Amino acid sequence: MANQELPQKIASFYSELEAASVKFPDTQRECSKNSDAFKKQYENTVNENRLLRIAIIGQVKAGKSSFLNTFLFDGEEVLPKAATPKTANLTIIRHDDDCRVEIEFYSQSDWDRLKASANEYRSIKEKYDIWVADRNKQGKPIPTNPNSASVASYKAAFEMVEAAGVNCLDIPSLIASKKQTIRFDDLSLMREQLDEYVGDSGKLTPVTKAVYLYVNEPRLLDLEIVDTPGLNDPVPARTERTRETLKETDVAFFLSQTGASFFDQNDVNLLVSQLPSEGISYFVLIGSRYDSALQGCLQAKSLLEAVIEVKELSSHAENTLRSFLDNNEYINPEIKAKLLGCLPPIFISSIMQNFTIKDRSKWDTNETWTYGRLQVLADKWPDFSLDNETLLKLANFSAITEKYDNIKNNKQNILDQKIAALAPAAAQKLQELIHRTIERSETSIAILQQKGIADLDRQERQLHKQVESVKAGVGEVIGDLVTLCSQKAIDMKAKIREETSGLSKINEKTGTRREWVTKTIAVSGGGACSRTRYEDASYERNVTYSYLTVNDALDNLRAGAVFAEKGIEKMFSDIIEPKGLRSALLKVILNSFDAADDTFDPNFFKRIIQDTISQIEFPSVAIDTSSMIEELANMFSQSELVGADLEKLRYELKKAMSHLCSQGIMALEKEVTNFKAKMQSIQETLGTTLIEKSLSEIKKLKNEMQNKEQEIEEYTACIRACEQISQKVSQEIT
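The shown structure was predicted, so the numbers you read here are calculated from the model rather than taken from an experiment. Position numbers for residues count from 1 along each chain, tracking the sequence in the order it is written. Reporting in this predicted model follows two pLDDT cut-offs: at least 70 for local features of residues, and 80 or more for side-chain atom pairs to be given and counted; totals over whole chains, interfaces and linings ignore these cut-offs and use all residues. Each side-chain value is worked out from all heavy atoms of the structure, with water and hydrogens disregarded.

**Some points on unusual backbone geometry**
Put simply, Leu343 and Pro344 share a cis peptide bond, and its omega is -5°. Looking at the element boundaries, Pro344 is found in the loop between helix H12 (333–340) and strand S10 (346–347). One non-glycine residue, Lys178, adopts positive backbone phi at about 65°. A run of H or I in DSSP counts as a helix once it spans at least four residues, and a run of E counts as a strand once it spans at least two, with each numbered from the N terminus. Summarising the element assignment, Lys178 is placed in the loop between helix H6 (171–177) and strand S5 (179–183). Not every positive phi belongs to a glycine, and Asn396 is a case in point at roughly 65°. Inspection of the secondary structure assignment puts Asn396 in the loop between helix H15 (388–395) and helix H16 (397–409).

Here is the structure:
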């Protein structure tokens, strides 16, 4: 079959299935929805003038904008870096001779949702303030309130709505205008204007939903680059726009910060759960901020040792991804294959690349600071220097350029592959819907043939009894999880205390330096009667001394935060092991219903359970150490400390680590409370859903019992029509 005939064929088959599924209105709605979606997907894919879309994705603050500034704009900060989730925006970059920026504002419904979330945050904060007051009365310390993923969306919305009020924005007028356009001749001038819309303190930042940037950049010919706000973006309106954009994306560059948390479980969860099942055909996994990882190799004695240590992250990334995919059978097999194809990762450093292409006078504060840190390593490692050749090799942008050029050169092949993949994917989706319709018809026929109204009445009464049994069973499973959570939380608190206690101690280092020493020596005159004279003689000698470094203390603070964050996240991922939880809940249901009525479809309950489990969010904990690090760093003017400063650093680090420990434990307690509330909600929802779905089906069957023979004929006709459609799909779509 020719590609151009595919849309008509798919539409025709869905139309036939919709006509055959008159007994199932939900199937008819799905037919119409799928048909329209395929038509749009096909038209977008085969458009001759279509740009190849490359998305830059990852968590907020993964270094996406820094990467693009280096790669596309030679290190010039054209794209603002998101200081916080509230300032992150979806940015689409295209080539055009008419250089301009188009700003898209939130819609009225978007803004209404943001205001509702802001009100929710106010309520949460009021409860927190009451808790703080109680702690004050009891004389207990008040840990800093950590940023928790469970309230991040509300907090970001609150900050945006508050900023809009402070900036005296005329929200109705901005929403009504929908878009604004800014034209520019100079990138730096454009950036100054853009700051008003997306900058951290920009007046219109709170109402900006997306940015379209058109620049006269040859590297963008035939391409479109999408800088996403992060797959963990807490603002729902932006998340929805991002996901819709990704459905039409061809290639994805996934950035994860190189280091202890590189491509961890949280990254994989976000990648798999947020990406659309269709669209992206090629993935590139990038480890960003490679320079930061090198700085973290505290025990390395050479650059070679540090590089080997960092490259071990490749194995870690592969193990994390394979483990997740192996334990999640519901992920599309095609997506699994594509994700595995992104290994091994490419490690890069935007800042090291910038050192080689930017004039030193144009370095920003972070670049200057990082260069100083790297200079310390260059003094320490005999095989490391900050010459351009070494920096370019470590920055590794040549590997990205090679990937990018290959993608550009293979644009048509990539699009052709997407077109070729449309037919089998569409056929599979059709067949799945057809087979579900056949199964539902067969189940209905079996019930109509084997049961009467009295049986259904009895079954309805039994259902209420069995659902109570299910609720009890589900309650037991959930209770076990809650108990396990409490036990693991106790262990986790002990681990956080132990780890932060260990990290509050830093070992002295030994250094040597050359010193000039003056010594008075006796000098003989040489003759028998000559007098001995004394002279001062100066010479250089090696002196050994002990010292501590502020950087070691700061690294320990960062390591403590990472330990607490990742430890809490892993604790919950161990508790909520999806495969085991799904099996336990399904066993409860089957044990309750099999004996009561074998006409109930286990797969029906399996789908309900899977939908429920998918609503469980793995917590993403972020403990903000920036203020502690800044305060500690500003206490000392020298990086190497000796004498009295040694004890001062030890004391201040111990105090900061104690504060960090309190933050970690508070974050844990907060997530435990959220988890227990979520489990209670799931327990109640699952039982209610079972009752409603089952009783609705019984009511439908009772009505059909009034004209049993005709209903059976209609279901049989539906099965015959579905089988014929299925056969035609197999024969005509390849």
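**A word on helix H1 (residues 6–20)**
To estimate the expected span of a helix, subtract one from its residue number and multiply by 1.5 Å. With 15 residues, H1 extends 21 Å from end C-alpha to end C-alpha; this agrees with the ideal 21 Å at 1.5 Å per step. Of the positions making up H1, those classed as buried are Leu6, Pro7, Ile10, Phe13, Tyr14, Leu17 and Ala20. Taken end-on, H1 shows its buried residues confined to a sector of 160°, consistent with a single buried face. Across from the buried face of H1, at angles greater than 90 degrees, the exposed residues are Gln8 and Ala19. On its buried face, H1 is in contact with helix H2 (25–46), helix H17 (411–450) and helix H24 (708–732). Exposure categories follow from relative accessible area, calculated using a 1.4 Å probe and restricted to protein chains: below 20% of the type maximum is buried, above 50% is exposed, and the middle band is partly exposed. Directions drawn from the helix axis to the C-beta atoms are what define this arc. The contact criterion used throughout is that any non-hydrogen atoms of two residues lie within 4.5 Å.

**A look at the nonpolar core**
If you look at the biggest cluster of nonpolar residues, it comprises 106 residues, and the most contacted ones within it are Phe67, Leu213 and Phe253. With 9 residues, helix H11 (residues 303–326) is the largest single contributor of residues to this core. Core analysis: the second largest hydrophobic core is formed by 47 residues, Cys485, Ile496, Leu554 and Ala561 among them. Definition used in this section: a nonpolar core is a set of buried Ala, Val, Leu, Ile, Met, Phe, Trp, Tyr and Cys residues joined via side-chain atoms within 4.5 Å.

**What to know about the sheet that holds strand S8 (residues 251–257)**
Across the sheet, which stays open at both edges, the 9 strands sit in the order S5-S3-S6-S2-S7-S1-S8-S9-S10 with mixed pairing between neighbours. Each of the sheet's edge strands pairs with one partner strand only, and the pair in question is S5 and S10. Between any two strands, pairing holds if DSSP finds at least two bridges. Of the pairings in the sheet, the one linking strand S1 (residues 52–58) to strand S7 (residues 223–227) comprises 5 bridges and is parallel in character. From the neighbouring strand, Ala55 faces S7, where its bridge partner is Val226.

**Some details on the environment of Leu394**
By secondary structure assignment, the location of Leu394 is in helix H15. Separated by 104 residues in sequence, Leu394 and Tyr290 have C-alpha atoms that sit 7.9 Å apart. Leu394 has contacts with Tyr290, Leu294, Leu303, Val307, Phe347, Ser349, Met352 and Phe384, leaving out every residue within four places of it along the chain.

**Re the environment of Val482**
Mapped onto the fold, Val482 is located in helix H18 (residues 453–503). Sequence separation of Val482 and Val672 is 190 residues, and the distance between their C-alpha atoms is 8.8 Å. Once residues within four sequence positions are removed from consideration, Val482 is found in contact with Phe675, Lys676 and Met679.

**Things to note about the state of the cysteines**
One way to say it: the disulfide is the covalent bond shared by the sulfur atoms of two cysteines. Two cysteine sulfurs form a disulfide in these notes if their separation is within 2.5 Å. Scanning the model with the defined rule gives 0 disulfides in all. Free of any disulfide, Cys31 has its nearest cysteine sulfur in Cys722, 8.7 Å distant. Overall, Cys31 belongs to the buried group, its relative accessible area being 0%.

**Comments concerning the pattern of salt bridges**
Salt bridges are counted wherever a side-chain nitrogen of Lys or Arg sits within 4 Å of a carboxyl oxygen of Asp or Glu. For the structure shown, the criterion picks out 24 salt bridges. In this structure, Glu714 engages Lys23 in a salt bridge whose closest nitrogen and oxygen atoms are separated by 3.2 Å. Placement of the pair is Glu714 in helix H24 and Lys23 in the loop between H1 and H2, with a sequence separation of 691 residues. On the accessibility criterion, Lys23 (12% relative accessible area) is buried. As a salt-bridge pair, Glu569 and Lys566 come within 3.5 Å of each other at their nearest N and O atoms. Taken together, the residues span about one helical turn, with Glu569 and Lys566 both in helix H19 (residues 550–575) at a distance of 3 residues. You can call Glu569 buried: its relative accessible area is 9%. Taken together, the shared-partner salt bridges connect Asp96, Asp98, Arg100, Glu102 and Arg183 into one network.

Interpretation note: all reported values are geometric properties and have no functional meaning in isolation.
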